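Structure assessment
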Amino acid sequence: MDQGLKGALELTGPEACLAYYRDWAASYDQGFATEMQYLLPAHVAAAFLGSRGQGPVLDVGAGTGLLAESLRQMGFEDEIDAVDFSAEMLERAAEKRIYAGLRQADITKPLTLPRRYGGIVSSGTFTAGHVGPEALPHLLAVARPQAQFALSINRRVWTSAGFDRALEALAAEARITDLHQIEVQVYGEAAARIDAEHAGDRALIALFRAA
């Protein structure tokens, strides 16, 4: 299977996701993140720290650990745990020795994790072919009161998948507070040579606090 961004965004169903990321894990960092100049993890890390986010942090859809690496590079020293659907991606993340704990789980279902997290971050998980807003209540369930969230949501699915409505509903129900968004570029200029269709992709980083 020729792994790449286009195929990842066309995934349907959990089994397809598991198979795709199993095969992509070994080349993800160099074959995708470096070549496409993947900026999103650093944008999310900066937004979280700019909102004075604190740990312990749960990195949702952690993949190979690019977001946690960015947090560490920016000076964040608190504990970070990882959760991801792909065991193979987590194996790559474990090699970097950034995370205190790693958990394979499907975030579209309730998580068997304690409600201990002062920060919830995610880069690249809420996008086409991946996870929709149905996961948001499960993340809130493991967040402490006033926990800072920084979740990237691809602009292509912000409205079509209902993220805008889901977040507005959570705010209206007083389950989250301080909701606002930052729009960022997902890839750098190098991406245009590799995938012109997605090189200009933008994402909204949803920033809010658990009530």
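Here's a quick rundown of the structure.

Cut-offs used in this document
Residues numbered from 1 in each chain as written. Predicted model: local features only at pLDDT ≥ 70, side-chain atom pairs only at ≥ 80, totals over all residues. Heavy atoms only, no water. Helix = DSSP H or I, 4+ residues; strand = E, 2+ residues; numbered from the N terminus. Contact = heavy atoms within 4.5 Å. Phe/Tyr/Trp six-rings, centres within 6.5 Å; stacked < 30°, edge-to-face > 60°. Buried < 20%, exposed > 50% of the residue type's maximum accessible area, 1.4 Å probe, protein only. Lys NZ or Arg CZ within 6 Å of the ring centre and 35° of its normal. Pairing = 2+ DSSP bridges. Axes fitted to C-alpha atoms, helices over the stretch in contact; angles between N-to-C directions.

Below, the discussion takes up the environment of Ala68. Topologically, Ala68 is positioned in helix α5 (residues 66-73). Considering only alpha carbons, one finds Ala68 and Ile80, 12 residues apart in sequence, at a separation of 7.3 Å. In contact with Ala68, other than residues within four places in its own chain, are Asp59, Ile80, Ile98 and Tyr99.

Using the criterion set out here, one finds four aromatic pairs in the structure. When the centroid spacing of 6.0 Å and the interplanar angle of 75° are considered together, the rings of Phe48 and Phe76 count as edge-to-face. Residue Phe48 is found in helix α4 (residues 40-50), and its partner Phe76 is found in the loop between α5 and β2 (80-84); the two are separated by 28 residues along the sequence. Relative accessible area serves as the criterion here: at 0%, Phe48 is assigned to the buried category. Lying across the ring of Tyr117, Arg116 places its NZ or CZ 5.1 Å from the centre.

Here we take up the sheet that holds β2. The seven strands lie next to each other as β3-β2-β1-β4-β5-β7-β6, forming an open sheet whose pairing is mixed. At either margin of the open sheet sits one strand with a lone partner, and together these are β3 (101-104) and β6 (176-185). Ignoring strand direction, the axes of neighbouring strands in this sheet form an average angle of 15°. Taken together, the four bridges between strand β1 (residues 57-60) and β2 define a ladder with parallel strand orientation.

Fair warning: the whole summary comes from geometry, so function is off the table for now.
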